[in-house]
Amino acid sequence: MEACWQCGHPQHESLFCQFCNSLQRPTPDYYRFLGLERKLSLDSKDLQNRFYNLSRLLHPDRYLRRTPKERQYSLEATAILNDAYRVLRDHVLRAEYVLKEEGFNIGEQRSENVPPELLEEVFELNLALEELRGGDSSARPQLCEAYARFVAMQDEADNRLSELFRRYDTTGDREALAEVRGVLNRRKYIRNLVSEVEKELAASAA
Ligand SMILES: [Zn+2]
């Protein structure tokens, strides 16, 4: 347990000393920083309240007449707060963060690694994309259909993620985390396809 740098009282992982109220060295752990348990499912309203509350407490105006040490800590804490909020409010970034903290390797999904069950769909999609790029607008309806299918797959992936989040949060089961990683990779692949098709459809409509 650390002691307060100012008054020496033991600290219980609090950003402010319970005795002298001075700002302590901020933890870089997003969950601990926000006073949350490391859960994959988070209440977004609660997260937002914590963010606004800490933003107010860390406002630079409050530290103008404080010691250089506290001013330094307030800057570090503000940077961590902003990163933590950006990451934890997004279910994909949040899951990637937890995977990394739990020792999983989350390499970038390379776009050439097509998930095997999507090979045929992706092959047909690429043919339609080629036709459209070649100026054949008859490929457009087919592409719109494929687009709708891939958007639906992305929704399915999100539903699966919610289930796995709940499973991990209640059981702490690492197999659930491993499965989260698989679904995230698949989702990232689908997400890239969806943006590519969106771009082509917009370009060909112009
Ligand atoms: Zn203190």
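Predicted model, so just to flag it, every value in this text is computed and none were measured.

## As for the coordination of the zinc ion
- The zinc ion binds to the protein through C4 (SG), C7 (SG), C17 (SG) and C20 (SG); the donor distances cover 2.3 to 2.4 Å.
- For the zinc ion, the four donor atoms are set out with angles of 105 to 115° between them, so the coordination reads as tetrahedral.
- In terms of primary sequence, the donors binding the zinc ion are separated according to C-x2-C-x9-C-x2-C. A residue pair is termed long-range when its members are at least 10 positions apart, and C7 in the segment before α1 (30-33) and C20 in the segment before α1 qualify at 13 residues.
- Taking relative accessible area as the criterion, C7 reaches 35% and is therefore assigned partly exposed.

## Considering the domain arrangement of the chain
- According to the domain assignment, the chain consists of domain 1 (1-89) and domain 2 (116-205).
- Just the C-alpha atoms count here: the centres of domain 1 and domain 2 sit 38 Å apart.

## Things to note about the packing of helix α5 (residues 119-133) against helix α6 (residues 140-171)
- Relative orientation of the contacting elements α5 and α6 amounts to 140°, with a least axis distance of 9 Å. Considered as vectors, α5 and α6 are oriented oblique to each other. The element α5 and its partner α6 pack so that their crossing is left-handed. Counting all contacts with α5, which are made through E121, V122, E124, L125, A128, L129 and L132, the residues of α6 involved are R140, Q142, L143, A146, R149, F150 and M153.
- For the contact of α5 with α6, the per-class residue count stands at nine nonpolar, one polar and four charged.

## Structural notes on α6
- Spanning 32 residues, α6 covers 46 Å between terminal C-alpha atoms, matching the ideal 46 Å at 1.5 Å per step.
- Within α6 the residues assigned to the buried category are L143, A146, F150, M153, Q154, A157, D158, L161, L164, F165, Y168 and D169.
- Close packing links the buried residues of α6 with α4 (91-101), α5 and α7 (174-205).
- G172, located one to two residues past α6, shows a positive phi value of around 70°.

## Some thoughts on the packing of aromatic side chains
- Tallying each qualifying case throughout the model produces five aromatic pairs.
- An angle of 55° between the planes, with centres 5.5 Å apart, marks the rings of F51 and Y52 as tilted.
- Overall, Y52 belongs to the partly exposed group, its relative accessible area being 47%.
- Put simply, the rings of Y30, Y31 and Y97 pair up and form one aromatic cluster.

## Here's the deal with the side chain of S74
- Mapped onto the elements of the fold, S74 is located in helix α3 (residues 68-88).
- Judged by relative accessible area, S74 falls into the buried class, the value being 4%.
- Among the polar contacts made by the side chain of S74, one reaches the main-chain carbonyl oxygen of R71 at a distance of 2.8 Å.
- Contacts of S74, omitting those with residues within four sequence positions, involve L23 and Y63.

## Describing unusual backbone geometry
- Backbone geometry places N21, a non-glycine residue, at a positive phi of 65°.
- Take N21: it is sitting in the segment before α1.
- The partly exposed category is assigned to N21, whose relative accessible area is 49%.

About the criteria used
- For every chain, the first residue of its written sequence is number 1, and the numbers climb from 1 along that sequence.
- Restriction of local features to residues with pLDDT of at least 70 applies here, the model being predicted, together with a cutoff of 80 or more for giving and counting side-chain atom pairs; totals for whole chains, interfaces and linings are based on all residues.
- The basis for every side-chain value is the complete set of heavy atoms in the structure, and neither hydrogens nor water enter the calculation.
- Think of the donor list as every N, O and S atom within 2.8 Å of the metal, or within 3.2 Å for Na, K and Ca; water never makes the list, so a site can look incomplete.
- In these descriptions, tetrahedral denotes four donors with every angle between 85 and 135 degrees, square planar four donors and octahedral six donors with opposite donors over 155 degrees apart and the rest between 65 and 115, and irregular any other case.
- Helix and strand assignments come from DSSP, with helices taken as H or I runs of at least 4 residues and strands as E runs of at least 2, each series counted from the N terminus.
- Note on exposure labels: buried denotes an accessible area under 20% of the residue type's maximum, exposed denotes more than 50%, and partly exposed covers the range between, all computed with a 1.4 Å probe on protein chains only.
- In this entry, domain limits derive from an automatic or database-based domain assignment.
- Axis definition: a line fit to C-alpha positions, over the contact stretch in the case of helices; interaxial angles, taken between N-to-C directions, run 0 to 180 degrees.
- Angles below 35 degrees are treated as roughly parallel, those above 145 as roughly antiparallel, those between 65 and 115 as roughly perpendicular, and all remaining angles as oblique.
- Each crossing gets its handedness from the near helix: less than a right angle anticlockwise from the far helix is left-handed, clockwise is right-handed.
- Every residue pair with non-hydrogen atoms within 4.5 Å of one another is taken to be in contact.
- Under the grouping applied here, Gly and all other residues not named as nonpolar or charged are polar, the nonpolar ones being Ala, Val, Leu, Ile, Met, Phe, Trp, Tyr, Cys and Pro and the charged ones Asp, Glu, Lys and Arg.
- One less than the residue count of a helix, multiplied by 1.5 Å, gives the span that helix is expected to have.
- By convention, a stacked pair of Phe, Tyr or Trp rings (six-membered ring in the case of Trp) has centres within 6.5 Å and planes under 30 degrees apart, an edge-to-face pair has planes over 60 apart, and any other such pair is tilted.
- The term polar contact refers here to a pair of N or O atoms within 3.5 Å; inside protein, the definition further demands a hydrogen-donor-capable atom paired with an acceptor-capable atom, and it admits residues adjacent in sequence only when both atoms are side-chain atoms.

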